[in-house]
Amino acid sequence: MDLNLKATELRLGLPGSDEPAEQLQSSSSHVKNNKRSCSEIDGSCQKQESGAPAQKAQVVGWPPVRSYRKNVMEQQKKPESDGSGFVKVSMDGAPYLRKIDLKLYKNYFDLLKALENLFKCTIGVYSEREGYNGSEYAPTYEDKDGDWMLVGDVPWDMFITSCKRLRIMKGSEAKGLGCL
Amino acid sequence: MDPEPKKPEDSPSNSANSHTPVQPPSPFPDEVLEKVLSFIDSHKDRSSVSLVRKDWYNAERWTRSKLFIGNCYSVSPEIVARRFPRIKSITLKGKPRFSDFNMLPRDWGANVHSWLVMFAKVYPFLEELRLKRMTVTDESLELLAKSFSGFKSLSLSSCDGFTDIGLKAIASHCRNLTELDIQDSVTEDVGGGWLSCFPENFASLEVLNFASLNSEVSFDDLERLVSRCKSLRVLKVNESITLDQLQRLLVHAPQLLELGTGSFLQELTPRQYEDIESAFSNCKNLQILSGLWEANSLYLPVLYGACAGLTFLNLSDAPLQSGEFAKLLAHCPNLRRLWVVDTVEDKGLEAVGSSCPLLEELRVFPADPYDRHHRDGVTELGFLAVSRGCRNLHYVLYFCRRMTNAAVVTIVQNCPDFTHFRLCIMTPGQPDYLTNDPMDEAFAAVVKTCTKLKRLSVSGLLTDLTFEFIGKYAKNLETLSVAFAGNSDWGMQCVLEGCPKLRKLEIRDSPFGNAALLSGLKKYEMMRSLWMSDCNVTMKGCRLLAREMPRLNVEVIMDEESDESQADKVYVYRSVAGPRRDAPPFVLTL
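Since the structure is predicted, the reported quantities are computational estimates derived from the model, not experimental observations.

**Let's talk about the overall build of chain A**
Then, in step 1: The number of helices and strands found in chain A is 7 helices and 5 strands.
Then, in step 2: Tracing chain A from N to C terminus, the helices and strands come up as α-α-α-α-β-β-α-β-β-α-β-α.
Then, in step 3: Sequence separation of at least 24 residues holds for 44% of the intrachain contacts in chain A that already meet a minimum separation of 6.
Then, in step 4: Of the accessible surface of chain A, which amounts to about 10,300 Å², a share of 55% is contributed by carbon and sulfur atoms.

This is the structure:
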């Protein structure tokens, strides 16, 4: 009985193409593809827009850093938040960034109004299902784990402690986030 | 406490000596021999002494007070108890090093409990216990706390399995405790209540390190403890301690030699800033500094007054930028050891080269090991800059995303005295980034030039050539770590047939198979251990090894999804204790 294990093999690349598996072979010779735990395929849109490879399989125990140390590293985005609540805000198309103090706002409504003022744009209204669909811009933020999130999904208090920086995305790109 | 006057002659080596001629009587009375031997501390020397002749063996075992066991499964508690009657200090190491990187399943073993049960029976006067990579339960800590009235010193490095319940027992019952040192522990949340369990009149602490425990402790109790322990020389607090709290601690303990700060991020009033600055300036004896979580350019200057005598600066928890880092370094001219995060980048390392001429050890850790943020980190240029300015460099651990052969060749020419060279190019199998060649030339230069090399970690794209060179030139090499390297069995064979002093060999994801494994048959008995994971070794090869070498434990750790014939994780080590009796179901001893 032909189990056709190859078809179920976990690998990078389109089904039917053998090349990606070989590429992985040549760069790290003799890595056994069928046992690599591709547990964290980093396929966020952020990667694509910075020009880096969209997907990267993570190998267990590599690089050899201790797990507790790994957690400390994840917190190293501190330069943006120096304890005062100030975070950088960028807007697609604007020549320079701004900085705002999240502690000055009590809720999302106040924050979004302030952003609209700062950048002279319309962000519109948040809805759980549609995100900011319909408006020209959508506010996003980078959280403690380094992931880009849509502003508005989590309770305000959770948001201000986990927000490291803000980015106001053009509506067309933000669609990807809004319809998750 | 005196031993029984008659010494039992039933040591294991006697049976081995039964067919050697009777030895002439010793010219020295036992008491003289014992007195002389009592000055010998090093366990390696003592091992040599014990092999000279039978009465030396006996004199040695009666005078040994410090025990070092590098692999807890190489010997058993019973054997140890029989041979050494008067032990006051024990160092015990458990899991293989790759367990630090989650490569060992939970509950693999190295539980200290059975050892403690034996120690409690045979060594009631035990004073010191130093454990590394062992599982230590609360039950064990309670047993420890209650069994040794004179217990002084507990060190737990990379251990797991305990909570604050066990620590409470230690704090409450160890009346003579001078050292409690918990490093790199991998525990679930350990509550902070244990610190409050030290009795009010307890004042003997000299070393207190709880930096890696994550729960808040009672600051009031900590402050009182620090103020009454006048001999305190090492204090490493955890992140829950704030800057202004630290200031109060420093006022009580300006005599500290080693300090691990808490969080270095806080909004301080100008008055508080001055206070903490002067507290640091009063620490005239400070040699070692660590902690500094979330430190940034705003508050680093409060440290400057304490940096003149610093010999070891550990910034591995404080990712700094190059500018603030360079400014700090300017105040630390006496640094011998430096640990940093690669956020300082090559520019920061240039500052190291120019500010730290006495530097002997450098470790650069990655801020972003999984490359999520595409930060540059450090490159070959930073390493070069350090090698130019720090000619005494002999220990390096360097995580980077790119390296060249030429750079490494120059680096070892600048610093030929490396004893520890651990280079981690983070993408597996990555070639020289300028020439696209394998990194063979780099490591060839390392082993040829650095004749004192004891420890080597290789990385990048490597062919069998690298291992040929290692086997041929690395005459003093004791520890070798290999990952994603080599072409064939020949590579590993070269190492096994070459390096005469090899003790620990750990290999992962490399194409070495049964032929390579079996070529080291005779060698493994002279080594502490061999680890091979995700190589090409099969169960058949492991069974053959086990059959040929009965004094080795050949253990295979089974993965759930793995092929039954492949041996995914193999751990081989010499042992006089026979196969493990506590092996979990997924560990097969062949």
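Alright, that's what it looks like, and here's the rest.
**Some details on the nonpolar core**
Then, in step 1: Core analysis: the largest hydrophobic core is formed by 180 residues, its most contacted members being L222, F418, F421, L456 and I470 of chain B.
Then, in step 2: Not counting the four nearest positions on each side in its chain, L456 of chain B is found in contact with F421, F443, V446, V447, I470, L477, T479, L480 and S481 of chain B.
Then, in step 3: By size, the runner-up hydrophobic cluster in this structure holds 25 residues, among which are M91, I100, L111 and C163 of chain A.

**Overview of the UniProt feature "domain: COI1 F-box" (unreviewed entry) in chain B**
Then, in step 1: In the numbering used here, UniProt assigns the feature "domain: COI1 F-box" (unreviewed entry) to residues 27–65 of chain B.
Then, in step 2: In this annotation, residues 27–65 of chain B is assigned 67% helix and 0% strand; the end-to-end C-alpha distance for the span is 25 Å.

**Describing the pattern of salt bridges**
Residue and element names in this part refer to chain B.
Then, in step 1: Scanning the model with the defined rule gives 32 salt bridges over all chains in all.
Then, in step 2: A salt bridge links R130 to E179, with the nearest nitrogen and oxygen atoms 2.9 Å apart. Of this pair, R130 sits in strand β3 (residues 128–132) while E179 sits in strand β5 (residues 179–183); the two residues are 49 residues apart in sequence, bridging distant segments of the chain.
Then, in step 3: Overall, the relative accessible area of 24% leaves R130 in the partly exposed class.
Then, in step 4: Taking the shortest distance from any N to any O, the salt bridge between E555 and R580 comes out at 3.9 Å.

**Concerning the pairing of strand β5 (residues 165–170) of chain A**
Residue and element names in this part refer to chain A.
Then, in step 1: Sheet analysis places strand β1 (residues 86–91) next to β5, joined by 4 bridges and oriented parallel. Looking across to β5, one finds that K88 is bridged to R165.
Then, in step 2: Two strands pair when backbone bridges link them, and strand β3 (residues 137–142) and β5 are joined in this way by 6 bridges, in the antiparallel orientation. Bridge pairing links Y141 to L166 in β5.

**Re the packing of helix α10 (residues 243–252) of chain B against helix α11 (residues 270–281) of chain B**
Residue and element names in this part refer to chain B.
Then, in step 1: Interhelical geometry of α10 versus α11 gives an angle of 40° and a closest axis separation of 9 Å. Taken together, α10 and α11 sit at an angle that is classed as oblique. Helix-helix and strand crossings are classified by hand; for α10 and α11 the assignment is left-handed. Listed contacts from α11 to L243, D244, L246, Q247, L250 and V251 of α10 are Q272, D275, I276, A279 and F280.

**Overview of the sheet that holds β5 of chain A**
Residue and element names in this part refer to chain A.
Then, in step 1: Ordered by their spatial adjacency, 5 strands build an open sheet running β2-β1-β5-β3-β4, and the pairing between neighbours is mixed. On the outer flanks of this sheet lie β2 (98–101) and β4 (148–150), each paired with one strand and no other. Sheet twist, expressed as the average angle between the axes of neighbouring strands with direction ignored, equals 35°.
Then, in step 2: Against the sheet, helix α5 (residues 108–119) engages β1, β2, β3 and β5, with an angle of about 155° to β2.

**Overview of helix α13 (residues 345–355) of chain B**
Then, in step 1: Those residues of α13 of chain B that fall on the buried side of the exposure criterion are D346, G348, L349, A351, V352, G353 and S355 of chain B.
Then, in step 2: Where the residues of α13 of chain B are buried, they touch α12 (322–329), β11 (337–341), β12 (361–365), α14 (380–389) and β13 (395–400) of chain B.

**Notes on the packing of aromatic side chains**
Residues and elements named next belong to chain B.
Then, in step 1: On inspection of all chains with the given rule, the structure shows 29 aromatic pairs over all chains.
Then, in step 2: Considering the side-chain rings of F98 and W531, the 5.9 Å spacing of their centres and the 80° angle between planes classify their relative orientation as edge-to-face. Residue F98 is found in the loop between β2 (89–93) and α6 (113–122), and its partner W531 is found in strand β18 (residues 529–533); the two are separated by 433 residues along the sequence. When sorted by exposure, F98 lands in the same class as W531, which is buried.
Then, in step 3: An aromatic cluster of at least three residues, connected via ring pairs, comprises Y73, F98, F101, W108, W531, Y571 and Y573.
Then, in step 4: Sitting over the face of the ring of F312, R337 holds its NZ or CZ atom 4.1 Å from the ring centroid.
Then, in step 5: Lying over the aromatic face of W108, R580 brings its terminal NZ or CZ to 4.6 Å of the ring centre.

**Focus: the environment of W156 of chain A**
Residues and elements named next belong to chain A.
Then, in step 1: Mapped onto the elements of the fold, W156 is located in helix α6 (residues 156–162).
Then, in step 2: Residue contacts for W156: discarding those within four places in its chain leaves L102, Y105, K106, N107, Y108 and L111.
Then, in step 3: Within the local environment of W156, its side chain forms a polar contact with the backbone oxygen of K106, the two atoms lying 3.2 Å apart.

**Some points on the side chain of N238 of chain B**
All names here are of chain B.
Then, in step 1: By the element assignment, N238 lies in the loop between β7 (234–236) and α10.
Then, in step 2: Accessibility expressed as a relative area gives 0% for N238, which makes it buried.
Then, in step 3: Only 2.8 Å separates the side chain of N238 from the backbone oxygen of S215, close enough to count as a polar contact.
Then, in step 4: When residues no more than four places from it in sequence are discounted, the contact partners of N238 are F210, A211, L213, N214, S215, G262, S263 and W293.

**Some thoughts on the packing of helix α9 (residues 219–228) of chain B against α10 of chain B**
Residue and element names in this part refer to chain B.
Then, in step 1: α10 packs onto α9 with a crossing angle of 20° between their chain directions and a minimal axis gap of 8 Å. In terms of their interaxial angle, α9 and α10 are classed as roughly parallel. Every pair of crossing elements has a handedness; the one defined by α9 and α10 is right-handed. In this structure, α9 contributes F219, D220, L222, E223, V226 and S227 to the contact, and α10 contributes Q245, R248, L249 and H252.

**Here we look at unusual backbone geometry**
Then, in step 1: Across the junction of W62 of chain A and P63 of chain A, the peptide omega takes the value -5°, indicating a cis bond.
Then, in step 2: Mapped onto the elements, P63 of chain A comes out in the loop between α3 (45–49) and α4 (67–74).
Then, in step 3: The phi dihedral of K120 of chain A is positive, around 55°, even though this residue is not glycine.
Then, in step 4: Of note, K120 of chain A is situated in the loop between α5 and β3.
Then, in step 5: The exposed category is assigned to K120 of chain A, whose relative accessible area is 71%.
Then, in step 6: You will see that E345 of chain B, though not glycine, has its phi angle at about 60°, which is positive.
Then, in step 7: Position of E345 of chain B among the secondary structure elements: in helix α13.

Conventions we followed
Residues numbered from 1 in each chain as written. Chains lettered and ligands numbered in written order. Predicted model: local features only at pLDDT ≥ 70, side-chain atom pairs only at ≥ 80, totals over all residues. Heavy atoms only, no water. Helix = DSSP H or I, 4+ residues; strand = E, 2+ residues; numbered from the N terminus. Contact = heavy atoms within 4.5 Å. Areas by Shrake-Rupley, 256 points an atom, 1.4 Å probe, with all protein chains shown as cover. Core = buried A, V, L, I, M, F, W, Y, C linked by side-chain atoms within 4.5 Å. Buried < 20%, exposed > 50% of the residue type's maximum accessible area, 1.4 Å probe, protein only. UniProt positions renumbered as here; feature names shortened; annotations may be inferred. Salt bridge = Lys/Arg side-chain N within 4 Å of Asp/Glu carboxyl O. Pairing = 2+ DSSP bridges. Axes fitted to C-alpha atoms, helices over the stretch in contact; angles between N-to-C directions. Parallel < 35°, antiparallel > 145°, perpendicular 65-115°, else oblique. Left-handed = near helix turned anticlockwise from the far one by under 90°. Phe/Tyr/Trp six-rings, centres within 6.5 Å; stacked < 30°, edge-to-face > 60°. Lys NZ or Arg CZ within 6 Å of the ring centre and 35° of its normal. Polar contact = N/O pair within 3.5 Å; in protein donor to acceptor, adjacent residues only side chain to side chain.

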